[in-house]
Amino acid sequence: MEDKMINKDLKHRSLPLGKGEGGLGRKLFRWIKVIVLLYSAIGIALFYLQEKFLFHPTAIERTVPWQFDIPFKEVDLPMNDTDTVNLVQFFPKDSVRKGVVLYFHGNRGNIKRYVRFVNNFTKHGYEVWMGDFPGFGKSVGNRTEKILYEQATQLYKLALSKYAADSIVIYGKSLGTGIAAYTAAAGKAKRLILETPYYSIPSLYNCYAPIYPNSRMASYKIPTYEFLSGIRYPITIFHGTDDGVIPYRNASRLKEVLKVTDEFVTIEGGTHRNLNDYPLFKLKLDSLLLR
């Protein structure tokens, strides 16, 4: 009799299927599966699409002539049977040349997008040599981190065949800052100038997707910080506090590897694309090029 009463009481206390602990456990497990699948799907997409996130080239037909208002010369640098770097050499109006600026541009467009900055250097008597990355403009061939380094090295060697090392200024903008830093670390020059640089590509990815193992996922590493630590001549960095592409906090980490004599110039309110509009940027750049 007591056993029947106990069984009846247990039945009375039991909850419908799906509303007890077992049901909550199944719901929790389903949510965990959804989160894991979503995390994995986004991670896979980030891995396979990172080339598209990192590079935004505009290619043009190699038969189409460049047209610029500045005196220039177009040069093709064959790297091998398939890869060719298209280089444009811009010249100052004065026949007396102070040196050359090797300009490594950003991740969008091609040389035409950056030609508006050439006057910053030619007005001080510098030639400006600007080459496109593979797939940009008229440059053709494969594009990998190793290839970008190799092509930058060839450009530097070409400059060294015409100018002494102390007449070469290496300049990088945005994506090109890491390539410029590599080039500067591999050889001697008068000065390295970086505009809106990054600490490294994986660290930059961490600013946007910190929940992923970006150091392993990133096919491009470009460790700017490592290159800067080995440079013995002057380095100047420009970065804006309102940069929405390469956050200021990422670039400011480069201060850790700068020498006491190097400079990190902060442009208050500056964004990723408008530093050239700030008087402080222009005044400081002019002073560097006059030295």
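In case you missed it, the structure is sitting above this.
Everything numeric in this text was worked out from a predicted model, so none of it was measured.

**Some thoughts on the layout of surface pockets**
- In this structure, the largest pocket spans a volume of roughly 670 Å³.
- Every residue lining the largest pocket is counted, 29 residues in all, and those nearest its centre are Phe-53, Leu-54, Asn-107, Leu-204 and Val-245.
- Looking at the lining of the largest pocket, the elements that each hand over two or more residues are helix 2 (21-54), helix 3 (111-114), helix 7 (201-208) and helix 8 (214-217).
- Here the residues of the lining of the largest pocket are counted per class, giving 17 nonpolar, 7 polar and 5 charged.

**Examining a positive patch on the surface**
- The grouping of Arg-108, Arg-113, Arg-116 and Arg-273 at the surface amounts to a positive patch.
- Note that Arg-113 resides in helix 3.
- You can call Arg-113 partly exposed: its relative accessible area is 40%.

**Focus: helix 11 (residues 279-290)**
- Compared with the 16 Å implied by 1.5 Å per residue over 12 residues, the 16 Å span of helix 11 between its first and last C-alpha is a close match.
- Of all the positions in helix 11, only Phe-281, Lys-284, Leu-285, Asp-286, Leu-288 and Leu-289 are classed as buried.
- At its buried positions, helix 11 is contacted by helix 4 (119-122), strand 6 (126-131), strand 7 (168-173), strand 8 (191-195), strand 9 (235-240) and strand 10 (263-267).

**Remarks on the packing of aromatic side chains**
- All told, the structure shown has 16 aromatic pairs when counted by the stated rule.
- Each ring, one from Phe-121 and one from Tyr-171, has its centre 5.1 Å from the other, and the planes form 75°; the classification is edge-to-face. Taken together, the positions of Phe-121 in helix 4 and Tyr-171 in strand 7 put the pair 50 residues apart, joining distant regions of the chain.
- Residue classification places Tyr-171 among the buried residues on the basis of a relative accessible area of 1%.

**Thoughts on a nonpolar patch on the surface**
- Residues Leu-28, Ile-32 and Val-36 make up a contiguous nonpolar surface patch of roughly 270 Å² in combined accessible area.
- Looking at the secondary structure, you find Ile-32 in helix 2.
- Taking relative accessible area as the criterion, Ile-32 reaches 42% and is therefore assigned partly exposed.

**Details of empty space enclosed by the protein**
- The tally for this structure, following the rule as stated, stands at 1 cavity of 30 Å³ or more.
- One number sums up the size of the largest cavity: a volume of about 130 Å³.
- Lining the largest cavity are 14 residues, and of these Val-85, Phe-104, Gly-131, Asp-132 and Gln-151 sit closest to its centre.
- Among the elements that make up the lining of the largest cavity, the one with the highest residue count is helix 5 (residues 145-160) (4 residues).
- Of the residues contributing to the lining of the largest cavity, the split by class is 11 nonpolar, 2 polar and 1 charged.

**Details of the sheet that holds strand 8**
- Here 8 strands make up an open sheet; going across it, the order is 2-3-6-4-7-8-9-10 and the pairing mixed. The open sheet has two free edges, formed respectively by strand 2 (72-78) and strand 10, since each of these has just one partner strand. Strand-to-strand twist of the sheet, defined as the mean angle between neighbouring strand axes without regard to direction, takes the value 20°.
- Note: strand 9 against strand 10, 5 bridges, orientation parallel.

**Looking at unusual backbone geometry**
- Here the phi dihedral of Thr-196 falls at roughly 55°; this positive angle occurs in a residue that is not glycine.
- Topologically, Thr-196 is positioned in the loop between strand 8 and helix 7.
- For Ile-222, which is not glycine, the phi torsion reads 35° and is therefore positive.

**Description of the nonpolar core**
- Within the largest apolar cluster, 49 residues are counted, with the highest numbers of intra-cluster contacts made by Leu-102, Ile-168, Ile-170, Leu-192, Ile-222 and Leu-228.
- Of the residues forming this core, the biggest block, 6 residues, is contributed by helix 5.
- Every residue in contact with Leu-192, bar those within four places of it in the chain, is listed here: Ile-170, Ala-180, Ala-181, Ala-184, Leu-228, Ile-231, Tyr-233, Pro-234, Ile-235 and Thr-236.
- Of all hydrophobic cores here, the second largest spans 26 residues; its members include Phe-68, Tyr-126, Val-128 and Leu-275.

Parameters at a glance
Residues numbered from 1 in each chain as written. Predicted model: local features only at pLDDT ≥ 70, side-chain atom pairs only at ≥ 80, totals over all residues. Heavy atoms only, no water. 1 Å grid on protein atoms, 1.4 Å probe; cavity = no way out; pocket = protein on both sides within 12 Å on 5 of 7 lines; lining within 4 Å. Points joined across faces, edges and corners; volume = space filled by probe spheres on them. Helix = DSSP H or I, 4+ residues; strand = E, 2+ residues; numbered from the N terminus. Nonpolar A, V, L, I, M, F, W, Y, C, P; charged D, E, K, R; others polar. Patch = residues over 30% accessible without salt bridge, like charges linked within 9 Å, V, L, I, M, F, W, Y side chains within 5 Å. Areas by Shrake-Rupley, 256 points an atom, 1.4 Å probe, with all protein chains shown as cover. Salt bridge = Lys/Arg side-chain N within 4 Å of Asp/Glu carboxyl O. Lys, Arg positive; Asp, Glu negative; His and termini not counted. Charge placed at Lys NZ, Arg CZ, Asp CG, Glu CD. Buried < 20%, exposed > 50% of the residue type's maximum accessible area, 1.4 Å probe, protein only. Expected span 1.5 Å × (residues − 1). Contact = heavy atoms within 4.5 Å. Phe/Tyr/Trp six-rings, centres within 6.5 Å; stacked < 30°, edge-to-face > 60°. Pairing = 2+ DSSP bridges. Axes fitted to C-alpha atoms, helices over the stretch in contact; angles between N-to-C directions. Core = buried A, V, L, I, M, F, W, Y, C linked by side-chain atoms within 4.5 Å.

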